[in-house]
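Structure at a glance
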Amino acid sequence: MKNILSANQFNKEEIEKILASASKMEDAVNRGVINEVLKNKIIACIFFEPSTRTRLSFETAALKLGAKVISAENAMENTSTYKGETIEDTTKVLCSYADVLVIRHPEAGILDKAAKVSTKPLINAGDGANQHPSQGFLDLYTIKKEHNRLNNLNIGFGGDLLNSRTLRSLLPLIRAYEGNKFYFISPKELELPRDFIEELKRSGVIFEELRSLEEALPKLDVLYMTRVQKERFLDVSSYEKVKDLFILKKDHLKAMKLDAIIMHPLPKINEIEKEVDDDPRAAYFRQAQNGLYVRMALLLHVLGL
Ligand code: NCD
């Protein structure tokens, strides 16, 4: 039985297989010829944190493949978790209803607890600031589609790197490819934790840490902006202090390569000026669309299909 708990669990061969499968899914969706291989399956989407794209694209992916969906949104309040039920008990019960469990939760690492008792494949749809592997795959798929390669790219991550589970999920996947250089661009308050940086150094990743977007922009093939993760801050005032430090403006675009792409997992709040959306290099809505094909591929993957 396969779970998808972390992007760190995949080797290059598996990554390539999933990208190829996602590409097949995209083709099938576009041609309107999808094989409904999940006809007798039920997919449970249980979200203890807000979501637009992740939950609805997983549900759409399931429906496109012929599966049925049961789902709980706002699950902190709308499931028995509210009454104090443990994740283990909730998981055991869901396994007696559904064939795959897709779970998002604010607590980092909680999916490991669920996996210990689960008898059905589990997909981590985001656990705190830790992991969001399906996002990592759709980001990887987007870079490949837009640039036609996954190697020899200069990739900048901008914004709240401290709390970004999407960075922590894309990085292990794209590290499987050679010649990429990473730029981590953030204010000091939102920089990557030092132990994370040390681990990158030890494993030979080529990267620089920068404090300003301006410095990085001309070099980048990919600029991956992130939202300041308000929900991870302990108090409002420390969020207020950093929330507007990094804003990508229309004026910045002049400094960027003509074939660079701007990515963002969305939702974007104030970190990208609205006018940027009209630039062809703004890839974030295309990126969100790719989520559908990638999540179709991931559902097939965990079911061994
Ligand atoms: C991201 C998430 O939930 O981590 N959103 C998403 O899944 N597309 C990013 C974010 O919320 O900032």
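Everything below is about the structure shown above.
**Some words on the pairing of strand β6 (residues 181-185)**
Among the 5 residues in β6, 4 count as buried, and that is most of the element. The sheet contact formed by strand β5 (residues 154-158) and β6 spans 5 bridges and is parallel. Residue Ile155 lies in a different strand from β6, and its bridge partner there is Phe182. Regarding the hand of the β-α-β motif, the stretch spanning β5, helix α7 (residues 165-174) and β6 is right-handed. Bridging between β6 and strand β7 (residues 207-210) involves 4 bridges; their strand directions are parallel. By the bridge assignment for β7, Phe182 is matched with Phe207.

**Notes on the packing of aromatic side chains**
Following the criterion strictly, the structure yields 7 aromatic pairs and no others. Judged by centre distance (4.9 Å) and plane angle (90°), the ring pair of Phe10 and Phe137 falls under edge-to-face. Pair noted here: Phe10 is in the segment before α1 (12-31) and Phe137 is in helix α6 (residues 133-147), with a separation of 127 residues, a long-range link. In terms of burial, Phe10 and Phe137 fall into one category: buried. In textbook terms, an aromatic cluster arises when at least three aromatic residues are bridged by ring pairs, as seen for Phe157, Phe182, Phe184, Phe207 and Tyr224. Above the ring of Phe196, the side-chain terminus of Arg168 is found at 5.3 Å from the ring centroid.

**Focus on the side chain of Asn163**
With respect to the secondary-structure elements, Asn163 resides in the loop between β5 and α7. Ignoring anything within four residues of it in the chain, the contact list for Asn163 reads Ala129, Arg168, Gln229, Arg232 and Phe233.

**Remarks on the sheet that holds strand β4 (residues 122-127)**
Spatially, β2-β1-β3-β4 is the arrangement adopted by the 4 strands of the open sheet, whose pairing is parallel. The open sheet terminates on both sides in strands that have one partner only, identified here as β2 (68-72) and β4. Across the sheet, the mean angle separating the axes of adjacent strands is 15° when strand polarity is ignored. Bridge count for strand β1 (residues 42-47) against strand β3 (residues 100-105) is 5 bridges, and the pairing is parallel.

**Topic: helix α11 (residues 284-302)**
In an α-helix there are 3.6 residues to a turn, and that puts residues three or four apart on one side. When the terminal C-alpha atoms of α11 are compared, their 26 Å separation across 19 residues agrees well with the 27 Å that a helix rising 1.5 Å per residue should span. Immediately downstream of α11, the backbone of Gly304 shows phi near 70°, a positive value.

**Examining the site of the ligand**
Taken together, Thr54, Arg104, His132, Gln135, Arg165, Thr166, Arg227, Gln229, Pro265, Leu266 and Pro267 form the complete shell of residues around the ligand. At 3.0 Å, a backbone N or O of Leu266 approaches a nitrogen atom of the ligand. By residue class, the composition of the shell around the ligand is 3 nonpolar, 5 polar and 3 charged.

**Here's the deal with the nonpolar core**
Counting 59 residues, the largest nonpolar core has Val102, Leu140, Phe157, Phe182, Phe184 and Leu299 as the members making the most contacts within it. Of all the elements, α11 adds the most residues to this core, at 9 residues. Domain assignment of the residues forming this core places at least three in each of domain 1 (7-131 + 291-302) and domain 2 (133-288). What Leu140 contacts, discounting residues up to four positions off in sequence, is Ile15, Leu19, Leu150, Leu170, Leu173, Ile174 and Tyr177. The next biggest cluster of nonpolar side chains, apart from the first, holds 20 residues, and it includes Ile185, Leu248, Leu253 and Ile262.

Conventions adopted
- Residues numbered from 1 in each chain as written.
- Predicted model: local features only at pLDDT ≥ 70, side-chain atom pairs only at ≥ 80, totals over all residues.
- Heavy atoms only, no water.
- Buried < 20%, exposed > 50% of the residue type's maximum accessible area, 1.4 Å probe, protein only.
- Helix = DSSP H or I, 4+ residues; strand = E, 2+ residues; numbered from the N terminus.
- Pairing = 2+ DSSP bridges.
- Right-handed = clockwise from strand over helix to strand, strands pointing away.
- Phe/Tyr/Trp six-rings, centres within 6.5 Å; stacked < 30°, edge-to-face > 60°.
- Lys NZ or Arg CZ within 6 Å of the ring centre and 35° of its normal.
- Contact = heavy atoms within 4.5 Å.
- Axes fitted to C-alpha atoms, helices over the stretch in contact; angles between N-to-C directions.
- Expected span 1.5 Å × (residues − 1).
- Near = heavy atom within 4 Å.
- Polar contact = N/O pair within 3.5 Å; in protein donor to acceptor, adjacent residues only side chain to side chain.
- Nonpolar A, V, L, I, M, F, W, Y, C, P; charged D, E, K, R; others polar.
- Core = buried A, V, L, I, M, F, W, Y, C linked by side-chain atoms within 4.5 Å.
- Domains from an automatic or database assignment.

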